[in-house]
Amino acid sequence: MTHVEDELSSQPECWIRAAAEAERHGGTLPGRGERVAIVGCGTSYFMAQAAAALREGAGQGETDAFAASEFPYKRRYDRVVALTRSGTTTEVLDLLGRLRGLTRTTAVTADPDTPVTTAADEVVVLDFADERSVVQTRFATSALTLLRAHLGLHTDAVEADARTALSTPLPEGLVDCGQFTFLGRGWTVGLANEAGLKMREAALSWTEAYPAMEYRHGPVSITTRGTATWMLGEAPDGLAEEVRATGGLWIGGSLDPLAELVRVQRLAVAVAARRGLDPDRPRHLTRSVILAP
């Protein structure tokens, strides 16, 4: 078993612990009414997109998401939350350094012995969700579970769906597809973006991701036999029928969207195995991007 397989299989237990951490760190995480930005790089950026949409949708306050390198410093926020598994990513550390003394910052990380623990004003450490694989799975979903639970939006049913996602076979013919498109709505747009990234990193697959209603505005033209379109969350009316009419494979998300992402992680590993790739060590990638001064 690869590291990534072992790590993605441990997610239900990690989510239980992350939800408990949300209760313990209530004062460290954004409060109701705060104007908040959530930042990250790569996978953490896509989790930031999902968390920001969830928070604003829950009426907790205006919430934006940015890649750390694209943060708009002229905007005023009550708090900036940085998601960083390694705690060493250059863009995140630079951002926190520039905000010190100006904006309250909270970092969510997997490693308590990295620079981010002193760069941020407050820190939540999810060390139980740290990973050996370069490809992120359980830390990303645990960090999102932490923020989701803080909003009161995490339930035992989510963990049950994750177990279902791990135990049931992938849809027939899915691993053989040559192109994958992932769709989301609201907070699941971030999950769709992350699903596409997982397939590119681990399996070197041709993947795309879109808000579901944008799919008809051009991307549907690539859909045909041998392609798959996967909806994370509730699909717009009629979209499944349109995809099936092209000959493409439609995968409707029947589980909680975060559990659906676990199914995509499994797909990425399966496609990597089919192609003789090592999903623990994607080409050209490292665990953390650390830039020279």
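Residues numbered from 1 in each chain as written. Predicted model: local features only at pLDDT ≥ 70, side-chain atom pairs only at ≥ 80, totals over all residues. Heavy atoms only, no water.

With respect to the overall build of the protein
Here is step 1: When you go through the protein residue by residue, the secondary structure sums to 10 helices and 9 strands.
Here is step 2: The C-alpha radius of gyration computed for the protein amounts to 18 Å, which stays within 12% of the reference 19 Å derived for 293 residues, consistent with globular compactness.
Here is step 3: Dimensions of the protein, computed from the C-alpha atoms along their principal axes, are close to 55 × 40 × 40 Å.
Here is step 4: Looking at the protein residue by residue over its 293 residues, the buried ones come to 56%. (Helix = DSSP H or I, 4+ residues; strand = E, 2+ residues; numbered from the N terminus. Rg over C-alpha atoms; globule rule 2.2 N^0.38 Å. Buried < 20%, exposed > 50% of the residue type's maximum accessible area, 1.4 Å probe, protein only.)

With respect to the packing of aromatic side chains
Here is step 1: Summed over all chains, the structure comprises 6 aromatic pairs.
Here is step 2: Ring centres of Phe-71 and Tyr-73 lie 5.1 Å apart, and the angle between their planes is 75°; on these two criteria the pair is classed as edge-to-face.
Here is step 3: Joined through ring pairs, the aromatic side chains of Phe-66, Phe-71, Tyr-73 and Tyr-77 make up one cluster.
Here is step 4: For the cation-ring pair, Arg-35 lies above Tyr-77, with the distance from its terminal atom to the ring centre recorded as 4.7 Å.
Here is step 5: Lying over the aromatic face of Tyr-73, Arg-98 brings its terminal NZ or CZ to 3.6 Å of the ring centre. (Phe/Tyr/Trp six-rings, centres within 6.5 Å; stacked < 30°, edge-to-face > 60°. Lys NZ or Arg CZ within 6 Å of the ring centre and 35° of its normal.)

Overview of the nonpolar core
Here is step 1: Counting residues in each nonpolar core, the largest one holds 64 residues, and the members touching the most others are Val-108, Leu-144, Phe-180, Phe-182, Leu-191 and Leu-267.
Here is step 2: Broken down by element, the residue count for this core peaks at 10 residues, all from helix α10 (residues 257-274).
Here is step 3: Here Phe-180 is in contact with Leu-174, Met-199, Ser-205, Trp-206, Thr-207, Glu-208, Ala-228, Leu-267 and Val-271, once residues within four sequence places are set aside. (Core = buried A, V, L, I, M, F, W, Y, C linked by side-chain atoms within 4.5 Å. Contact = heavy atoms within 4.5 Å.)

Things to note about the pattern of salt bridges
Oppositely charged side chains may form a pair once their charged atoms are brought near each other.
Here is step 1: Tallying each qualifying case throughout the model produces 15 salt bridges.
Here is step 2: With its nearest N and O atoms 3.2 Å apart, the salt bridge here joins Glu-62 to Arg-35. Residue Glu-62 is found in the loop between α3 (43-57) and β2 (63-67), and its partner Arg-35 is found in the loop between α2 (11-24) and β1 (36-40); the two are separated by 27 residues along the sequence.
Here is step 3: For Arg-35, a relative accessible area of 26% puts it in the partly exposed group. (Salt bridge = Lys/Arg side-chain N within 4 Å of Asp/Glu carboxyl O.)

Remarks on the sheet that holds strand β6 (residues 179-184)
Here is step 1: What the 4 strands build is an open sheet, ordered β7-β6-β8-β9; its pairing is parallel. Both edges of this open sheet fall to β7 (206-211) and β9 (249-252), since each of them pairs with a single strand only. The sheet shows a mean angle of 20° between the axes of neighbouring strands, taken without regard to direction.
Here is step 2: The sheet contact formed by strand β8 (residues 227-232) and β9 spans 4 bridges and is parallel. Note on β9: the bridge partner recorded for Met-231 is Gly-252.
Here is step 3: Against the sheet, helix α8 (residues 188-203) contacts β6, β7 and β8, and its axis sits at roughly 160° relative to β6.
Here is step 4: Against the sheet, helix α9 (residues 239-246) engages β6, β8 and β9, with an angle of about 155° to β9. (Pairing = 2+ DSSP bridges. Axes fitted to C-alpha atoms, helices over the stretch in contact; angles between N-to-C directions.)

What to know about the sheet that holds β1
Here is step 1: Pairing within the open sheet is parallel, and its 5 strands lie in the order β2-β1-β3-β4-β5. Only two strands of the sheet have a single partner each, and these edge strands are β2 and β5 (122-125). Mean inter-strand twist for the sheet, computed between neighbouring axes without regard to direction, equals 20°.
Here is step 2: When β1 meets strand β3 (residues 79-84), the two strands line up parallel, connected through 4 bridges. The residue bridging Val-39 from the neighbouring strand is Ala-82, located in β3.
Here is step 3: Its contacts with the sheet place helix α4 (residues 90-99) against β1, β3 and β4 (104-109), and it is angled at close to 160° to β3.
Here is step 4: Sheet strands in contact with helix α6 (residues 138-150) are β3, β4 and β5, and its direction is about 135° off that of β4.

Concerning the environment of Gly-31
Here is step 1: Structurally, Gly-31 is set in the loop between α2 and β1.
Here is step 2: On the basis of relative accessible area, Gly-31 is assigned to the partly exposed category, the value being 26%.
Here is step 3: Distance in space between the C-alpha atoms of Gly-31 and Leu-151 is 9.4 Å, their sequence separation being 120 residues.
Here is step 4: The contact partners of Gly-31, leaving out residues within four places of it in the chain, are Arg-55, Gln-60 and Arg-79.

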